[in-house]
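Fold and geometry: a report
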Amino acid sequence: MKKILRTSGGVFDADAIDKKIAETEKLTTAEDFWNDAEKAQKVMNDLKLLKGRVEPWRELLQKIDDIKTLYELGSEGGDESADTYNELAICQMETGDFSGARESLVDALNMDPDNTKIISNLGFLALKQGEEEEARKYFMTVLEIDSKDPVAAAELKKLEQEA
């Protein structure tokens, strides 16, 4: 999975965007750059848009690295905890690996069956997959364990409003 994420292309080509950012930043260092304020503003806006496209990608890659490191450290020490699997599942959801996320969340839930964070994340996963009734069941289960859980209560309220 990570190799696929590290390489981008097609519609989103991170390397090409990075190259364009570098070229644009070089323009801003020119001695006469600010002489034409309107043109300079357009270049700065373009730069901001370019960075806005690639920075979330970089942040996601960093999060994947962090989660992988956490997982590896936990695995090496024999500490394959429910929280580790839960964090791995969050990362998998963000990258669109829904089947991997489900597997990680089920593993986590088997280790800690009353962990409301894990059950809530199963609800969020169900929502991402368009399974609203399944999500509703998970959020209701959370409230059975912790009747004051604000996340589950808010998600159930949203689901009721959308129905």
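Residues numbered from 1 in each chain as written. Predicted model: local features only at pLDDT ≥ 70, side-chain atom pairs only at ≥ 80, totals over all residues. Heavy atoms only, no water.

Points about the overall build of the chain
For clarity, the threshold we go by: What counts as a helix is a DSSP run of H or I of at least four residues, what counts as a strand is a run of E of at least two, and both are numbered from the N terminus. Throughout this description, buried means an accessible area under 20% of the type-specific maximum (1.4 Å probe, protein chains only), exposed means over 50%, and partly exposed covers the range between. Working rule for contacts: check all heavy atoms of both residues, and any pair within 4.5 Å makes them a contact.
When you go through the chain residue by residue, the secondary structure sums to eight helices and zero strands. N-terminal to C-terminal, the α/β element order of the chain is α-α-α-α-α-α-α-α. Relative to its full complement of 163 residues, the chain shows a buried share of 33%. Within the chain, contacts between residues at least 6 apart in sequence are counted, and of these 51% link residues at least 24 apart.

Side note on helix H4 (residues 82–94)
Put simply, the rule reads: What a helix should span is 1.5 Å times the count of its residues minus one.
The end-to-end C-alpha distance of H4 is 19 Å, a good match for the 18 Å that 13 residues give at a rise of 1.5 Å each. Across the 13 residues of H4, ten count as buried, placing the element largely inside the fold. Taken as a whole, H4 has its buried residues at Ala 82, Thr 84, Tyr 85, Asn 86, Leu 88, Ala 89, Ile 90, Cys 91, Gln 92 and Met 93. Directly after H4, the chain includes Gly 96, whose backbone phi takes a positive value near 85 degrees.

Quick word on the side chain of Arg 136
Looking at the secondary structure, you find Arg 136 in helix H7 (residues 132–145). Residue Arg 136 is classed as buried on the basis of its relative accessible area of 18%. Not counting chain neighbours up to four residues away, the residues in contact with Arg 136 comprise Leu 156, Leu 159 and Glu 160.

Overview of the nonpolar core
Applied cut-off: Put simply, buried Ala, Val, Leu, Ile, Met, Phe, Trp, Tyr and Cys residues joined by side-chain atoms within 4.5 Å make one nonpolar core.
Ranked by internal contacts, the top residues of the largest apolar core, which has 20 residues, are Met 93, Leu 105 and Phe 139. Mapped onto this core, the elements with two or more residues apiece are H4, helix H5 (98–111), helix H6 (116–128), H7 and helix H8 (150–162). Residues in contact with Met 93, not counting those within four places in the same chain, are Phe 98, Ala 101, Leu 105, Asn 121, Phe 124, Leu 125 and Lys 128. Core analysis: the next-biggest nonpolar cluster, separate from the first, contains nine residues, Phe 12, Ala 14, Ile 21 and Leu 61 among them.

Brief notes about the side chain of Thr 24
Structurally, the position occupied by Thr 24 is in helix H2 (residues 14–28). Not counting chain neighbours up to four residues away, the residues in contact with Thr 24 comprise Val 43, Leu 47 and Leu 50.

Quick word on the packing of aromatic side chains
Put simply, the test is: Paired rings are identified among Phe, Tyr and Trp, the last through its six-membered ring, by centres lying within 6.5 Å, and are further divided according to the angle between planes into stacked (under 30 degrees), edge-to-face (over 60) and tilted (the rest).
Summed over all chains, the structure comprises two aromatic pairs. A ring pair is formed by Phe 124 and Phe 139, whose centres lie 5.3 Å apart and whose planes are at 70 degrees; its orientation type is edge-to-face. With Phe 124 in helix H6 and Phe 139 in helix H7, the pair connects residues that are 15 residues apart, well separated along the chain.

Quick look at the confidence of the model for the chain
A low pLDDT means the predicted coordinates there should not be read in detail. The criterion, for reference: pLDDT: the predictor's confidence for each residue, scored from 0 to 100.
Residue-level pLDDT values for the chain average 85, and 87% of them are 70 or greater. Segment residues 1–9 is flagged for pLDDT under 50; beyond a separation of four residues in sequence, or across chains, it makes 15 contacts in the model.

A look at the pattern of salt bridges
Side chains bearing opposite charge may pair, as long as their charged atoms lie close to each other. Under the convention used in this document: Here a salt bridge means any side-chain nitrogen of Lys or Arg lying within 4 Å of a carboxyl oxygen belonging to Asp or Glu.
This structure, assessed with the given rule, holds seven salt bridges. Arg 102 serves as the salt-bridge partner of Glu 131, at 3.7 Å between the closest nitrogen and oxygen. Of this pair, Glu 131 sits in the loop between H6 and H7 while Arg 102 is found in helix H5, placing the two residues 29 residues apart along the sequence. Arg 136 serves as the salt-bridge partner of Glu 133, at 3.3 Å between the closest nitrogen and oxygen. Separated by three residues within a single helix, Glu 133 and Arg 136 lie in helix H7, roughly one turn from each other.

So, the packing of H7 against H8
Rules: Only the contacting stretch of a helix is used when fitting its axis, a line to C-alpha atoms as for every element, and angles between N-to-C directions run 0 to 180 degrees. Two helices crossing with the near one rotated counterclockwise from the far one by less than a right angle form a left-handed crossing, whereas a clockwise rotation gives a right-handed crossing. Amino acid classes used here: Ala, Val, Leu, Ile, Met, Phe, Trp, Tyr, Cys and Pro are nonpolar; Asp, Glu, Lys and Arg are charged; the rest, including Gly, are polar.
Across the interface, H7 lies against H8 with an axial gap of 9 Å and an inter-helix angle of 145 degrees. Regarding H7 and H8, the two cross each other, and that crossing is left-handed. Contact residues: Glu 132, Ala 135, Arg 136, Phe 139, Met 140, Val 142 and Leu 143 in H7; Ala 152, Ala 153, Glu 155, Leu 156, Leu 159, Glu 160 and Glu 162 in H8. The residue inventory of the contact of H7 with H8, partitioned by class, reads nine nonpolar, no polar and five charged.

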